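# Remarks on the overall topology
Next come the chains, spelled out residue by residue.
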Amino acid sequence: MQLIQQNPDLSAYVAADEAIDHHHPLVREAAARLADGVTDSYDYARAAFEFVRDTLPHSQDSGDLRVTWRASDVLEQRTGICYAKAHALAALLRAEGIPTALCYQKFDVVHGLVAVRFDGAWHRQDPRGNKPGVDAQFSLRGERLAFVPDPAANELDYPVLYAAPHPVVLDALAAARDRPHLWQTLPTAL
């Protein structure tokens, strides 16, 4: 699949916004901790990915009913669903100047992940969090995502790389009272 930048200006993919608030002190502190001791931007990107994947539980897996959507909230509350974890990873990567896009897949509902730009190409990464049957890994040589769509089941990869969270996703997150409410309003398509 050919990934398509929604915005041709690469600087849009390092910008801060309301959800990817990489200028927030919590994001800056976490980025500084992750950057300490890494040798280059590749190592930093892997460290940030593993931090979000492994230390910020997916709220469905942990049973947490809170809904987060800002990167700083995900870091503060240490929970989030796929979209929120993607926002956190995007903020940590953008805090260090690594172009990062938000991208999506369609299953029963829309699933969120990120793409990082290295060596002139985009590489999708899924910080959702591993569990039995899910083994997402950071990779710049072939995708190691949490889920692979089955076209026969009407599942798909959306090819568009967004500089900001898709409005449908952001609206659902921001309006949710709690995770059970969010589960009733998750987008089923973009």
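What you see is a predicted model; the values in this text were computed from it and never measured. (Residues numbered from 1 in each chain as written. Predicted model: local features only at pLDDT ≥ 70, side-chain atom pairs only at ≥ 80, totals over all residues. Heavy atoms only, no water.)

### Description of the pattern of salt bridges
The following threshold applies: Salt bridge, as used here: a side-chain nitrogen of Lys or Arg that lies within 4 Å of a carboxyl oxygen of Asp or Glu. Accessible area is worked out with a 1.4 Å probe on protein chains only. A residue is then buried under 20% of its type maximum, exposed over 50%, and partly exposed in between. Helix and strand labels come from DSSP, where a helix needs a run of H or I of at least four residues and a strand needs a run of E of at least two; each type is numbered from the N terminus.
Applying the stated rule across the entire model yields nine salt bridges. Residue Arg53 pairs with Asp54 through a salt bridge whose shortest N-O separation is 2.5 Å. On the basis of relative accessible area, Arg53 is assigned to the buried category, the value being 9%. A salt bridge links Lys131 to Asp61, with the shortest nitrogen-to-oxygen separation between them at 3.6 Å. In this pair, Lys131 sits in the loop between β4 (121–125) and β5 (156–157) while Asp61 sits in helix α3 (residues 59–62), placing the two residues 70 residues apart along the sequence. Using a relative accessible area of 38% as the deciding quantity, one classes Lys131 as partly exposed. On the basis of relative accessible area, Asp61 is assigned to the partly exposed category, the value being 37%. If you follow the salt bridges from partner to partner, you end up with Glu18, Arg70 and Asp73 in one network.

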